[in-house]
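# Structure at a glance
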Amino acid sequence: MLSRSRIRRGRISPARVRRTVQLAFGLFCIFCGWRFFLYYQWATGASAVYVPKPPMVEGFLPISALLGAVHFFNTGMWDPVHPAGLTIFFAALAICLLLRKGFCGYICPAGWASNLLERTGKRLGLNRSRPAPARTAVHKAIRTVLHAPKYILMAGFLWTMSTGMDARAVESFLTGPYNMVADSKMLLFFLHPSATALTVLAVLALLSLFVSNPWCRFLCPYGALLGIAALFSPCAVRRNAAACTGCGRCSAACPAGIAVHAQQRVNRAECMGCTECVSSCPQKDCLQLTCLNKPQYDWAIAYGTVALLWTAYLAAVWWGKWDVSIDAALIQKLHSTMM
Ligand code: SF4
Ligand code: SF4
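Residues numbered from 1 in each chain as written. Chains lettered and ligands numbered in written order. Predicted model: local features only at pLDDT ≥ 70, side-chain atom pairs only at ≥ 80, totals over all residues. Heavy atoms only, no water.

Under an unreviewed UniProt entry, the chain has the name 4Fe-4S ferredoxin iron-sulfur binding domain-containing protein and belongs to Oleidesulfovibrio alaskensis.

### Details of the overall build of the chain
Within the chain, the secondary structure is distributed over 16 helices and 3 strands. Taking 339 residues into account, the globule formula puts the C-alpha radius of gyration at 20 Å, and the chain, at 21 Å, falls close to it. Along the first, second and third principal axes, the C-alpha set of the chain runs to 65 × 40 × 40 Å. Out of the 339 residues in the chain, the part that is buried amounts to 43%. (Helix = DSSP H or I, 4+ residues; strand = E, 2+ residues; numbered from the N terminus. Rg over C-alpha atoms; globule rule 2.2 N^0.38 Å. Buried < 20%, exposed > 50% of the residue type's maximum accessible area, 1.4 Å probe, protein only.)

### Some remarks on the state of the cysteines
For the structure on display, the rule yields 1 disulfide. Put simply, Cys 235 and Cys 291 are joined by a disulfide, and their sulfur atoms are 2.0 Å apart. Judged by the torsion about the S-S bond (110°), the Cys 235/Cys 291 disulfide is right-handed. With Cys 235 in strand β1 (residues 235-239) and Cys 291 in strand β2 (residues 287-291), this residue pair connects regions lying 56 residues apart in the sequence. The same class applies to Cys 235 as to Cys 291, namely buried. Left unpaired, Cys 96 is separated from the closest cysteine sulfur, that of Cys 104, by 5.3 Å. Cys 96 sits in the buried class, given a relative accessible area of 0%. (Disulfide = S-S within 2.5 Å.)

### Here's the deal with the UniProt feature "transmembrane region" (unreviewed entry) in the chain
Taking the UniProt record as the reference, the feature "transmembrane region" (unreviewed entry) is found at residues 21-42, 81-99, 190-211 and 300-320. Its end C-alpha atoms 24 Å apart, residues 190-211 is made of 82% helix and 0% strand. (UniProt positions renumbered as here; feature names shortened; annotations may be inferred.)

### Digging into the confidence of the model for the chain
Mean pLDDT over the chain works out to 91, with 95% of the residues at or above the 70 mark. A low-confidence stretch, residues 1-7 (pLDDT under 50), is modelled with 18 contacts involving residues beyond four sequence positions or located in other chains. (pLDDT = per-residue confidence, 0-100. Contact = heavy atoms within 4.5 Å.)

### What to know about the site of ligand 2
Around ligand 2, 14 residues are found, and the nearest of them are Cys 244, Cys 247, Gly 248, Cys 250 and Cys 281. Broken down by class, the residue content of the shell around ligand 2 amounts to 7 nonpolar, 5 polar and 2 charged. (Near = heavy atom within 4 Å. Nonpolar A, V, L, I, M, F, W, Y, C, P; charged D, E, K, R; others polar.)

### Describing the packing of aromatic side chains
As enumerated under the stated definition, the model contains 17 aromatic pairs in all. Taken together, a centroid distance of 5.9 Å and an interplanar angle of 45° make the contact between Phe 89 and Phe 90 tilted. In this structure Phe 89 comes out as buried when scored by relative accessible area, which is 4%. Seen from their ring centres, Phe 89 and Tyr 222 are 6.0 Å apart, and the 20° between their planes marks the pair as stacked. On the criterion of sequence distance, the pair formed by Phe 89 in helix α3 (residues 83-99) and Tyr 222 in helix α12 (residues 221-230) is long-range, its members being 133 residues apart. Taken as a pair, Phe 89 and Tyr 222 share a single burial class, namely buried. (Phe/Tyr/Trp six-rings, centres within 6.5 Å; stacked < 30°, edge-to-face > 60°.)

### As for helix α10 (residues 195-210)
Between its terminal C-alpha atoms α10 stretches 23 Å, which fits the 22 Å expected from 16 residues at 1.5 Å a residue. Restricting attention to buried positions, one finds in α10 the residues Ala 197, Leu 204, Ser 208 and Leu 209. Buried positions in α10, seen along its axis, are confined to an arc of 145° and lie on one side of it. Exposed positions of α10 whose direction lies more than 90 degrees from the buried face are Ala 195, Thr 196, Val 203 and Leu 206. Tucked into the core, α10 has its buried residues touching α5 (109-123), α9 (182-191) and α11 (214-219). (Expected span 1.5 Å × (residues − 1). Arc of directions from axis to C-beta.)

### Observations concerning the pairing of β2
Most of β2 is tucked away, with 5 of its 5 residues classed as buried. As defined by bridge partners, β1 adjoins β2 across 5 bridges and the pair is classed as antiparallel. If you follow Arg 238 over to β2, its bridge partner there is Gln 288. Relative to strand β3 (residues 294-295), β2 runs antiparallel, the two sharing 2 bridges. (Pairing = 2+ DSSP bridges.)

### A closer look at unusual backbone geometry
Residues apart from glycine generally show negative phi values, whereas peptide bonds are mostly found in trans. Unlike most non-glycine residues, Thr 275 shows phi in positive territory, near 60°. One can find Thr 275 in the loop between α13 (249-253) and α14 (276-280). Residue Thr 275 is classed as buried on the basis of its relative accessible area, which comes to 1%. Not every positive phi belongs to a glycine, and Leu 292 is a case in point at roughly 50°. Tracing the sequence through the fold places Leu 292 in the loop between β2 and β3.

See below:
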């Protein structure tokens with residue numbers, strides 16, 4: 001049981017901390033996207049001005065990073081083509097292993113967009129979803145069906161990689177021409193989206209106004225993998241059942257749709273550690289973020305996530321695992337033939 005004196009609260013609300021961190025990383029992503037566009041212009045010969053590629057764009061290549069991780073465990077060698085992508089992937093895994101799905105909740109730009117749409121939907125009165133007061137069998141069955149697609153997608157990727165690619169095939173992919181320009185192809189996807197891609201994005205955006213975070217909760221295979229890692233996290237929100245009135249405000253506030261009021265320890269794959277449930281609870285000695293069973297401030301996961309990501313970045317720069325050094329002439333040649 002958590003005594004009142006041990007409860008720790010920050011002065012700024014968790015929602016505001018989350019919005020601020022997400023905004024900072026979102027703006028940084030937009031800035032890097034602009035710099036990458038200028039690099040792309042140079043690489044394709046549309047501009048004579050060379051602009052270095054911002055390495056963080058490699059964080060948008062999760063499949064390449066996953067194969068880079070397989071290659072690392074096979075050979076002990078870091079991905080030479082997208083080293084920053086592998087660094088970000090390992091950093092995201094470490095964050096989730098230690099601090100729940102902090103990477104999804106605070107860093108990922110898709111999570112930021114999802115959060116903005118969720119808030120817009122709530123302001124417009126479109127998102128009025130309230131969790132069921134008790135977790136019935138039907139409730140659990142619906143939850144299982146809705147959460148299945150992201151795990152099926154993730155299992156499909158892992159199955160294809162483990163059965164269809166031996167160590168040599170993985171290395172061939174990583175050093176092959178397609179992977180070398182994969183980030184530019186990803187940029188093209190956003191610059192010239194197909195009608196199908198636009199339709200899917202529009203449907204997801206529209207749905208996000210009515211339902212909280214459908215992409216992150218039900219579809220993202222990357223998030224599914226990180227969510228499984230988060231199950232091993234020593235941090236979780238704990239509920240003091242003796243102090244709980246069962247009002248359900250915590251569950252209604254949860255952007256991951258978790259029935260917080262029905263848990264003792266919220267160890268769910270979808271939990272981002274945002275602690276909005278904690279701040280929404282009217283009982284002062286009821287909900288508490290804990291790590292290794294010790295009470296923590298509400299913002300501990302936010303700050304810990306940012307600190308871990310910075311540490312990973314600085315370590316990668318220090319050990320030369322961030323910037324890529326591919327010959328400029330080769331890059332331009334690949335862009336002229338592959339794009
Ligand atoms: S359970 Fe609490 S900490 Fe986890 S996602 Fe929901 S509101 Fe955030
Ligand atoms: S908001 Fe607090 S009191 Fe209400 S159900 Fe959740 S944990 Fe219990």
